[in-house]
Amino acid sequence: MEKQPLQPFFNSSPINFLPDEILIEICQLYLGLGWDESGPSALQASNVTARYSTSWTPVLLTHVCRAWRKLISSTPTMWSSIAIHNPRLKFIPLVRLWLQCAGKSLLSISLRHGPGWVYRDPQTEPATIAVLKLLNNRSHLWKSIDFNIQNVLPPLTNIPTGSLHVLEHASIYIVSTMHQTPSDNMWAIIHSSPRISSVQWHTRFNIFQNTPWEQLKSIKCSFSVPIDEFLHSLQFCRNLEVLDWTCWSEDEFDILVPPSPTTSVLFPALKKLQLEGFEGVFDKLLGAINVPQITTLTLDHIVSKCLQAFRDFMACSRCTLESFLLSSPDILAMDLFNWLEIPGLSLATDVNIFLYAESRYNFDFDSDLEPEPNQSYMDAVVAEVKKFITENSKSQSIEEQI
């Protein structure tokens, strides 16, 4: 009998018979997985990955076999997203290779320093400058950028206004103690993109110059601005879907008069609203906007005095919330029902409540909360709150007796 050569097991594996398009799709799903603490040991505090929130990289896929290496290396979209965390000089060749493999694909870029990292590692600053030079050479391919860096200015000031033709999302946070941050110039260049629709303003600058309000669908603003000017500009955002505003400085608000309900601004497309700050933010902004399509609302550090403003806001908008988060420094547990009974919350299926005045009263509900038969999710939430208050009242009475 003639001996037949053994066929390697790998060649008979079903995955080797998948079309290249299907295999690439699977690999891209793999790159989108969240962070895995048991991931490759080489990916430590300083790393280059496909996304900031993941430990995975297409480089690992090229080590599976020769066929995969050829396929992955020749597929630019596998390399179109790059996240560089705490850059070091030894990673420069990898970043250069990564960008070469990306070819002409549109790029999603994240470049971040860890807290205080630039002071702990002397390599961080020169490595960051080297990385930025490589990225700058492909600025015409930037689709999304996220720069969170310290004491190193991104190369945006060297890019001609109007050259970022495909940029859709930009988030820039620069902590600088050595030189003035030219935020106005950087954002003027970013805002010149005809496709820009999502912005995250972390560093103070004049947002009322060169901002294409009519293009924006998502805005995150992490500093205080005069609310009357802000509202006047926001009324041009007819396609705005997400608004996230954090404001802890009252300086700009002292001379302002709360807007009349008749002057409320309609946001026909807004679905997600998140506010954080002092009392004036909630009173004045909630009283000045109408958001009939909103489904997600976060009121962070709202105070009890704003209850009526919240009621008026919900009544004016006539909205139905699916997700509601409330945190407060002074709302008491017994007063919580005045907030939960407001129309528009009855169909919510995701509720989170944090009452800092009474640290024991923190309610974190989610879709795992199972209502009783013929009981709505919000009815179950209210029942849980009542149960929690009763149990803690009994515990407190026992402690007092002891």
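Residues numbered from 1 in each chain as written. Predicted model: local features only at pLDDT ≥ 70, side-chain atom pairs only at ≥ 80, totals over all residues. Heavy atoms only, no water.

Novice: Lay out the overall build of the protein with the relevant residues and their values.
Specialist: Helix and strand counts for the protein come out as 12 helices and 15 strands. The burial tally for the protein puts 46% of its 402 residues in the buried class. Here the contacts in the protein between residues at least 6 apart in sequence split such that 65% fall between residues at least 24 apart. Here the protein displays about 20700 Å² of accessible surface, and carbon together with sulfur accounts for 53% of that area. (Helix = DSSP H or I, 4+ residues; strand = E, 2+ residues; numbered from the N terminus. Buried < 20%, exposed > 50% of the residue type's maximum accessible area, 1.4 Å probe, protein only. Contact = heavy atoms within 4.5 Å. Areas by Shrake-Rupley, 256 points an atom, 1.4 Å probe, with all protein chains shown as cover.)

Novice: Provide a residue-level description of the environment of His 113, including the pertinent values.
Specialist: With respect to the secondary-structure elements, His 113 resides in the loop between strand 3 (107-112) and helix 5 (117-120). For the pair His 113 and Thr 128, spaced 15 residues apart in sequence, the C-alpha to C-alpha distance is 9.1 Å. Only 2.8 Å separates the side chain of His 113 from the side chain of Thr 128, close enough to count as a polar contact. (Polar contact = N/O pair within 3.5 Å; in protein donor to acceptor, adjacent residues only side chain to side chain.)

Novice: Hey, could you go over the pattern of salt bridges for me, with residue numbers and the actual values?
Specialist: In total, this model carries 3 salt bridges according to the counting rule given. Note that Lys 220 and Asp 244 form a salt bridge whose closest N and O atoms lie 3.2 Å from each other. Taken as a pair, Lys 220 in strand 7 (residues 218-221) and Asp 244 in strand 8 (residues 242-247) lie far apart in primary sequence, 24 residues in all. For Lys 220, a relative accessible area of 22% gives the class partly exposed. (Salt bridge = Lys/Arg side-chain N within 4 Å of Asp/Glu carboxyl O.)

Novice: Which residues make up the packing of helix 1 (residues 20-31) against helix 3 (residues 66-73), and what values do they have?
Specialist: The geometry of a pair of packed helices is captured by two quantities: the angle between their axes and the separation between those axes. The interhelical angle for the contact between helix 1 and helix 3, taken along N-to-C directions, is 80°, at an axis separation of 11 Å. What the angle tells us is that helix 1 and helix 3 run roughly perpendicular. For the pair helix 1 and helix 3, contact is made by Asp 20, Leu 23, Ile 24 and Cys 27 and by Trp 68, Leu 71 and Ile 72, respectively. Of the residues belonging to the contact of helix 1 with helix 3, the class tally is 6 nonpolar, no polar and 1 charged. (Axes fitted to C-alpha atoms, helices over the stretch in contact; angles between N-to-C directions. Parallel < 35°, antiparallel > 145°, perpendicular 65-115°, else oblique. Nonpolar A, V, L, I, M, F, W, Y, C, P; charged D, E, K, R; others polar.)

Novice: Please set out the packing of aromatic side chains residue by residue, giving values where relevant.
Specialist: As enumerated under the stated definition, the model contains 11 aromatic pairs in all. A ring pair is formed by Trp 201 and Trp 213, whose centres lie 5.7 Å apart and whose planes are at 80°; its orientation type is edge-to-face. Of this pair, Trp 201 sits in strand 6 (residues 198-201) while Trp 213 sits in the loop between strand 6 and strand 7, and the two are 12 residues apart along the sequence. For Trp 213, a relative accessible area of 7% gives the class buried. (Phe/Tyr/Trp six-rings, centres within 6.5 Å; stacked < 30°, edge-to-face > 60°.)

Novice: Break down the nonpolar core for me, citing the residues and quoting the values.
Specialist: Trp 201, Ile 219 and Trp 245 are the most contacted members of the largest nonpolar core, which has 109 residues in total. If one sorts the elements of this core by residue count, helix 4 (residues 92-102) sits on top with 6 residues. Residues within four places of Ile 219 in sequence aside, it is in contact with Val 199, Trp 201, Trp 213, Leu 234, Cys 237, Leu 240, Val 242, Leu 243 and Asp 244. (Core = buried A, V, L, I, M, F, W, Y, C linked by side-chain atoms within 4.5 Å.)

Novice: Would you mind going over helix 6 (residues 124-136) in detail, with residue names and values included?
Specialist: The end-to-end C-alpha separation of helix 6 is 18 Å, in line with the 18 Å expected for 13 residues at 1.5 Å each. Three or more residues of helix 6 are buried, namely Thr 124, Ala 127, Thr 128, Val 131, Leu 132, Leu 134 and Leu 135. Summarising the axial view, the buried residues of helix 6 lie within an arc of 160°, below the 170-degree limit, and thus occupy one face. (Expected span 1.5 Å × (residues − 1). Arc of directions from axis to C-beta.)

Novice: Report on the side chain of Ser 171, specifying residues and quantitative values.
Specialist: Within the secondary structure layout, Ser 171 lies in strand 5 (residues 169-175). Residue Ser 171 is classed as buried on the basis of its relative accessible area, which comes to 4%. Here Ser 171 is in contact with Ile 145, Asp 146, Phe 147, Gln 200 and His 202, once residues within four sequence places are set aside.

Novice: Tell me what's going on with a nonpolar patch on the surface, and back it up with residues and numbers.
Specialist: Together, Ile 15, Leu 18, Ile 22 and Ile 26 make up a nonpolar patch on the protein surface, roughly 290 Å² of accessible area in all. Mapped onto the secondary structure, Ile 26 falls in helix 1. Looking at Ile 26, the relative accessible area reads 42%, which means it is partly exposed. (Patch = residues over 30% accessible without salt bridge, like charges linked within 9 Å, V, L, I, M, F, W, Y side chains within 5 Å.)

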